[in-house]
Amino acid sequence: MTYPTETPTQSNIWAATADLTTLRHKLLDLFTQLAYQEGDFVLASGLRSSYYVNKTQVTLHPQGALAVGRLLFPLLPTDTQAVAGLTLGADPIVTAVSVVSVYENRLIPALIIRKEAKGYGTKAYIEGPILPEGAKVVVLEDVVTTGQSALKAVERLKDAGYTVEQVIALVDRKQGGAELYQSAGLKFEALFSIEEIQKRYRELGN
């Protein structure tokens, strides 16, 4: 799949000073043009689905990564000391937010959580800077279905002595994730609902 082409003037939309509302619309278009597919799919949760959101087509896209970082950063509580997520899906997301934090003069390090402990060296589950005991960490996720991936990240962080109160996702498929987080006492927010992506997909004539 090729990247959408833009003129230099259109590319200014992606500048570091671009309006966030405009940037959100552009990111939505990237999801509909590059990531959203319809067909017969088996998800990581084991569920079957008539559609799939191939999120890395957006989160590893240069403009997509910039938009992700800029749009998620303002959603972080002011006392956030780090962002974290379960590898592999969250890796580019936490990195993008951490990079954007430099330009916002509010440094937010990124943590990457392994699915299994490293088999050598420190044998750690969590990669990244070591934070103070009780540090407040926000978990970031790409696409939430049942919510189990982010919940595993939350558990690993709490086991390490950190405080986690919130999960923020790029896309909510509305298949139980929000309810799972609520039952675990976590706040949850998503940048896009699946209905919004599907509506824009239809508007673009796909």
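Preceding block: the structure.
Residues numbered from 1 in each chain as written. Predicted model: local features only at pLDDT ≥ 70, side-chain atom pairs only at ≥ 80, totals over all residues. Heavy atoms only, no water.

**Student:** Help me understand the pairing of strand β8 (residues 187-193), please; the structure alone is not making it clear to me.
**Tutor:** Every regular strand shows the same layout, with side chains that alternate between the two sheet faces. Pairing analysis gives six bridges linking strand β7 (residues 163-172) to β8, with the strands arranged parallel. The partner of Ile168 across the bridge, within β8, is Glu189. In terms of handedness, the path from β7 via helix α7 (residues 177-183) over to β8 forms a crossover that is right-handed. (Pairing = 2+ DSSP bridges. Helix = DSSP H or I, 4+ residues; strand = E, 2+ residues; numbered from the N terminus. Right-handed = clockwise from strand over helix to strand, strands pointing away.)

**Student:** Quick question: what am I supposed to make of helix α2 (residues 20-35) here?
**Tutor:** In an α-helix, one turn spans 3.6 residues; hence positions three or four apart end up facing the same way. For α2, built from 16 residues, the straight-helix expectation of 22 Å at 1.5 Å per residue is met to within 8% by its first-to-last C-alpha distance of 21 Å. Here α2 has its buried residues at Leu23, Leu27, Leu28, Asp29, Leu30, Phe31, Thr32, Leu34 and Ala35. Looking at where α2 begins, the residue whose side-chain oxygen comes 3.1 Å from the main-chain nitrogen of Thr21 is Asp19. (Expected span 1.5 Å × (residues − 1). Buried < 20%, exposed > 50% of the residue type's maximum accessible area, 1.4 Å probe, protein only. Polar contact = N/O pair within 3.5 Å; in protein donor to acceptor, adjacent residues only side chain to side chain.)

**Student:** Looking at this structure, how should I read the pattern of salt bridges?
**Tutor:** Once the charged atoms of two side chains with opposite charge are near each other, the side chains can pair. This structure, assessed with the given rule, holds eight salt bridges. Here Glu38 ties to Arg202 by a salt bridge, and the two come within 2.6 Å at their closest N and O atoms. Taken together, the residues span a long stretch of sequence, with Glu38 in strand β1 (residues 36-42) and Arg202 in helix α8 (residues 194-203) at a distance of 164 residues. Asp40 serves as the salt-bridge partner of Arg48, at 2.8 Å between the closest nitrogen and oxygen. A residue is classified by how much of its surface remains accessible, and Arg48, at 57% relative accessible area, is exposed. A network of salt bridges, in which partner residues are shared, links Asp29, Arg200 and Glu203. (Salt bridge = Lys/Arg side-chain N within 4 Å of Asp/Glu carboxyl O.)

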